[in-house]
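An overview of the molecular structure
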Amino acid sequence: MSQSARIDAVQDSVLRTGRTVDWPQKGNRPAYISEIYGQNVFDLKGLQSTLPKPVYARFIQQIKGRQTLDRATADAVAHAAKVWAMDRGATHFTHWFQPQTGTTAEKHDSFLTLKTVITNGIEETSAIDAFSGSQLLQSEPDASSFPNGGMRTTFEARGYTIWDTTSPMFLRPGPHSTSILYIPSVFISYNGEALDEKTILLRSSEVLSNAAVKLLNVLGDKDTKRVYATLGTEQEFFLIDRSLYNLRPDLKITGRTLVGTVPPKHQQLEDHYFGQIPSRVLATISEAELELYKLGVPVKTRHNEVAPNQFEIAPIFEEASVAVDHNLVLMETLHQVAHRHKLKVLFHEKPFKGVNGSGKHCNWSLSTDQGDNLLDPTVKPETNYRFLLFLVATLDAVHKHGGLLRASIASASNEHRLGANEAPPGIVSAFLGEHLTEVLDSIEQSRDVKNFSQPHLQTVKVGGTVLDLKVSTLPQIARDLTDRNRTSPFAFTGNKFEFRAVGSKQSPSFPTVLVNAAVAASLGAITDALVKAKGSKAELGIDDILGVVRSFITSSKNIRFEGNNYSDEWVKEAEKRGLPNIKQCPVAFRQLLTPENQHLLISMGIMTKEEIHSRFEILMHKYAKDLVIEGLTLKNMIMQGILPAAFTFKKEITDLLVGQKNLGLDHKALPEFKTLNTVTKLTTTLQNAAEKLGEIIDRVDGLEGSEEQGDVAGNELTVALEDVRIASDALEGYVSDKQWPYPKYTELLF
């Protein structure tokens, strides 16, 4: 590989004809989004229109958890789904589930069944299309072939996928204009342990709902029967040319560049954020949106992000388990559509050193089955006692279980992003903003809240204040109660909390599980405190409620921070407050095993002790293997690509110097001699660093047990990887461009 391959790839990307897709038409006009939205989803409306009323009623009762789905109802639903899917080209169905691999899994089975009839002693076989209730409800993948943390072995392989009735079935395109029926499912072992991301998410959602409803009942709300965690995931990603991507072994194998220096211009001019979306990228995102609309994924926003070739897509909020499904569908759809446009989507949290990485900001809130957002502060949050109780419950949860939340976002890839100037640090804290901070401070100090209605150039308006722009042709704009703090890991942003530290590549499920669990526990503690304060009285008084709110404000105060989370001052202040600063993944993973965190998850029925230890083992194993894979990939790139290029460059310079020396010139005074010396030193440094990297890889591989491998990989392998990179990147600045074997950042990002 040489400069010619890079030039060919760049020329191909420039000369390539762009792909076009026709937008669906409705009569003689383009279809509205609402007219195509969900057309590939077999939702409750579809079921209601195809099932007999009694069968549909039984199914609804099953969804609500009030009765078991019987065989007759399952068969009826399966038949309806089969007819709907086959009428739209489906030939196969699959149980679609979320093993602990960071992605999804599926196995396709056709609707084909052979029916044998014996007539007059003659056996005759005919083909029919069939889909039974048992096939809908359950399938059987090999549990030992997925991450299981030792709960399954090769000779104990049985596992089950079970249809998640709360998430609708949907169709996705197959080959040759066919389609495939996807059945969202959970994945459990033969003994019933959760082997996936979804099972524990559904458990945590149920626990959270029960805790929230119990608190609302104490407050006098008898109408609310269910509370939902809602989620909106802001998905960031990079898009690069596939031809160039194919010339980078590190991107192909690890998802990030293991070597490479930033070009003179990257993101320092701040001209990419919200800039005009490049036409090829816009065509890709638009086609992906079209497919997502049909799949019922409510994508709302698209824009350029901070770094070159970095973008974001964000959806409308949904119930958390459906939102997680939709985020994974979004990622898969982007991957597939980008391929059609000869692009590659990168979800790695830090694919390029020196520019911003990518996150998946998880906007979390609570809504009742009556449609109320329990984290909506309304106009006067100081008298919205229900809001205050749910707010301090969330703060208490983050304070008591910040280490657990840190564990939920830990990975080898996200480790490159956390603590950099584009992501929150390893210290978990919460941001409220000036107004809500004043409200809580006033309650804690038993004084009146400071008046926010008369600051300079502001007047009171519902939902916040109004900014007077002093330009007659411009309208007044509503200002939120809180500013945004993009450095905070867990920031209140209007009527929700934004968990900013979640990595772009990971499933949002596990972070949501742990937020749900922690908040449910705090809601339970607040409910107990309210019941105690009420005593024998007929109903709670305002002073009773404020007394409980005040106590939780005081006890959780250390988790609140309104300043710059990137600053060194905050690191010192956090240490004074007793907040953990967890910088390495193995330390973060061990938060799962602390007695208080295990008690939280086990006592609430969200995870068993075996499931917790299994997940810890899986996380440690993956962390170590990710780093080993990076190490092996980098070593191969150095030994087979970069060092040979450096040697060739050195030979060219040496031949040049020999020729000039033969002409009688003082070769030591020539600039080529200085370059040769520099390249020789850098080459030696790089070769030594690569050899040391290989030794550490061998040592990690030779260790027994994932925990020990993870510790050594985190302490030594990460350092060795960085040492090799530093040496290689220094060499890149000297080796002739025509000899450099891999596409450079200038080509990848521009």
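All of these numbers come straight from a predicted model, not from anything done at the bench.

1. Quick word on the overall build of the chain
Secondary structure summary: the chain contains 23 helices and 23 strands in total. Along the longest, intermediate and shortest principal axes, the C-alpha atoms of the chain span 105 × 95 × 65 Å. The buried share of the chain, taken over its 750 residues, is 53%. Approximately 33,300 Å² of the chain is accessible, and the part contributed by carbon and sulfur atoms is 53%.

2. Some details on the confidence of the model for the chain
On average, residues of the chain score 92 in pLDDT, and 95% of them are at 70 or above. Across residues 454-463, where pLDDT falls below 50, the model places 21 contacts with residues more than four positions away in sequence or in other chains.

3. Topic: the side chain of Thr 73
Turning to its location among the elements, Thr 73 is positioned in helix α5 (residues 71-86). Among all residues touching Thr 73, those that are not within four sequence positions of it are Val 55, Arg 58 and Phe 59.

4. Topic: the packing of helix α7 (residues 198-218) against helix α11 (residues 320-340)
Between α7 and α11, whose axes approach to 10 Å, the crossing angle comes to 155 degrees. The angle between α7 and α11 places the two elements in the roughly antiparallel class. Together, Lys 198, Leu 201 and Leu 202 of α7 and Ala 320, Ser 321, Val 324 and Asp 325 of α11 make up the contact between the two elements. Partitioning the contact of α7 with α11 into residue classes produces 4 nonpolar, 1 polar and 2 charged.

5. Details of the nonpolar core
By size, the foremost hydrophobic cluster in this structure holds 158 residues, and its most contacted members are Phe 237, Phe 390, Phe 499, Leu 523, Ile 526, Ile 638 and Leu 717. No other element matches the 17 residues that helix α20 (residues 609-662) contributes to this core. When sequence neighbours within four positions are dropped, the list of residues in contact with Phe 390 reads Ala 212, Leu 215, Leu 216, Leu 366, Leu 374, Leu 375 and Leu 523. Membership of the second largest hydrophobic core comes to 25 residues, among which are Leu 51, Tyr 56, Ala 74 and Leu 181.

6. A word on the packing of helix α12 (residues 385-400) against helix α14 (residues 434-444)
Between α12 and α14, whose axes approach to 13 Å, the crossing angle comes to 95 degrees. Considering their axes alone, α12 and α14 lie roughly perpendicular with respect to each other. Here Phe 387, Leu 388, Leu 391 and Leu 395 of α12 lie close against α14, whose contacting residues are Leu 436, Val 439, Leu 440 and Ile 443. Each residue belonging to the contact of α12 with α14 can be placed in one class, and the counts come to 8 nonpolar, no polar and no charged.

7. As for a nonpolar patch on the surface
A surface patch of nonpolar side chains, about 300 Å² in accessible area, is lined by Val 10, Val 14 and Leu 15. Summarising the element assignment, Val 14 is placed in helix α1 (residues 3-15).

8. Overview of unusual backbone geometry
Although it is not a glycine, Ser 177 adopts a positive phi angle of roughly 65 degrees. Looking at where Ser 177 falls in the secondary structure, it is placed in the loop between β10 (169-173) and β11 (179-189). The backbone phi angle of Phe 274 is positive, close to 60 degrees, even though this residue is not glycine. Considering the arrangement of structural elements, one finds Phe 274 in the loop between α9 (249-254) and α10 (279-294). Relative accessible area serves as the criterion here: at 54%, Phe 274 is assigned to the exposed category.

9. Here we look at α20
For α20, spanning 54 residues, the distance from its first C-alpha to its last is 77 Å, which sits close to the expected 80 Å at 1.5 Å a residue. The largest bend along α20 reaches roughly 40 degrees and is located at Ile 638. One or two positions beyond α20, positive phi appears at Gly 664, with a value near 90 degrees.

10. Quick word on the packing of aromatic side chains
For any pair of aromatic rings, geometry is given as the distance between the ring centres together with the angle between the planes. Evaluation of the coordinates by the stated rule reveals 22 aromatic pairs. Centre to centre, the rings of Phe 97 and Phe 146 are 5.5 Å apart; their planes meet at 70 degrees, and the pair counts as edge-to-face. Placement of Phe 97 in the loop between β4 (90-96) and β5 (108-110) and of Phe 146 in the loop between β8 (138-139) and β9 (159-163) is noted, with a sequence separation of 49 residues between them. Taking the centre distance of 5.6 Å and the plane angle of 80 degrees together, the rings of Phe 111 and Phe 131 count as edge-to-face. Of this pair, Phe 111 sits in the loop between β5 and β6 (112-119) while Phe 131 sits in the loop between β7 (122-129) and α6 (133-137), placing them 20 residues apart in sequence. Taking relative accessible area as the criterion, Phe 131 reaches 6% and is therefore assigned buried. Following the ring pairs from residue to residue traces out a cluster consisting of Phe 387, Phe 490, Phe 492, Phe 497 and Phe 499. The aromatic ring of Tyr 32 is capped on one face by Arg 29, whose charged end is 3.9 Å from the ring centroid.

11. What to know about the pattern of salt bridges
Within the structure shown, the criterion is met by 41 salt bridges. Between Arg 6 and Glu 747 there is a salt bridge whose closest N-O contact spans 2.9 Å. Of this pair, Arg 6 sits in helix α1 while Glu 747 sits in helix α23 (residues 745-749), placing them 741 residues apart in sequence. Each of Arg 6, Asp 737, Lys 744 and Glu 747 takes part in a single network of salt bridges with overlapping partners.

12. Considerations on the pairing of strand β16 (residues 343-346)
Here β16 shows no split at all, with Leu 343 and Val 345 on one side and Lys 344 and Leu 346 on the other all buried. Bridging between strand β12 (residues 227-241) and β16 involves 4 bridges; their strand directions are antiparallel. Across the sheet, residue Ile 240 finds its bridge partner in β16, namely Lys 344.

13. Some details on α1
For α1, built from 13 residues, the straight-helix expectation of 18 Å at 1.5 Å per residue is met to within 8% by its first-to-last C-alpha distance of 18 Å. Close packing links the buried residues of α1 with β12, α8 (242-245), α10 and α23.

14. Re the environment of Leu 330
Considering the arrangement of structural elements, one finds Leu 330 in helix α11. Sequence separation of Leu 330 and Thr 284 is 46 residues, and the distance between their C-alpha atoms is 13 Å. In contact with Leu 330, other than residues within four places in its own chain, are Gln 235, Leu 292, Val 299 and Ile 313.

How each quantity is defined
Residues numbered from 1 in each chain as written. Predicted model: local features only at pLDDT ≥ 70, side-chain atom pairs only at ≥ 80, totals over all residues. Heavy atoms only, no water. Helix = DSSP H or I, 4+ residues; strand = E, 2+ residues; numbered from the N terminus. Buried < 20%, exposed > 50% of the residue type's maximum accessible area, 1.4 Å probe, protein only. Areas by Shrake-Rupley, 256 points an atom, 1.4 Å probe, with all protein chains shown as cover. pLDDT = per-residue confidence, 0-100. Contact = heavy atoms within 4.5 Å. Axes fitted to C-alpha atoms, helices over the stretch in contact; angles between N-to-C directions. Parallel < 35°, antiparallel > 145°, perpendicular 65-115°, else oblique. Nonpolar A, V, L, I, M, F, W, Y, C, P; charged D, E, K, R; others polar. Core = buried A, V, L, I, M, F, W, Y, C linked by side-chain atoms within 4.5 Å. Patch = residues over 30% accessible without salt bridge, like charges linked within 9 Å, V, L, I, M, F, W, Y side chains within 5 Å. Salt bridge = Lys/Arg side-chain N within 4 Å of Asp/Glu carboxyl O. Expected span 1.5 Å × (residues − 1). Bend = angle between axes of the 7 residues up to and from the residue. Phe/Tyr/Trp six-rings, centres within 6.5 Å; stacked < 30°, edge-to-face > 60°. Lys NZ or Arg CZ within 6 Å of the ring centre and 35° of its normal. Pairing = 2+ DSSP bridges.

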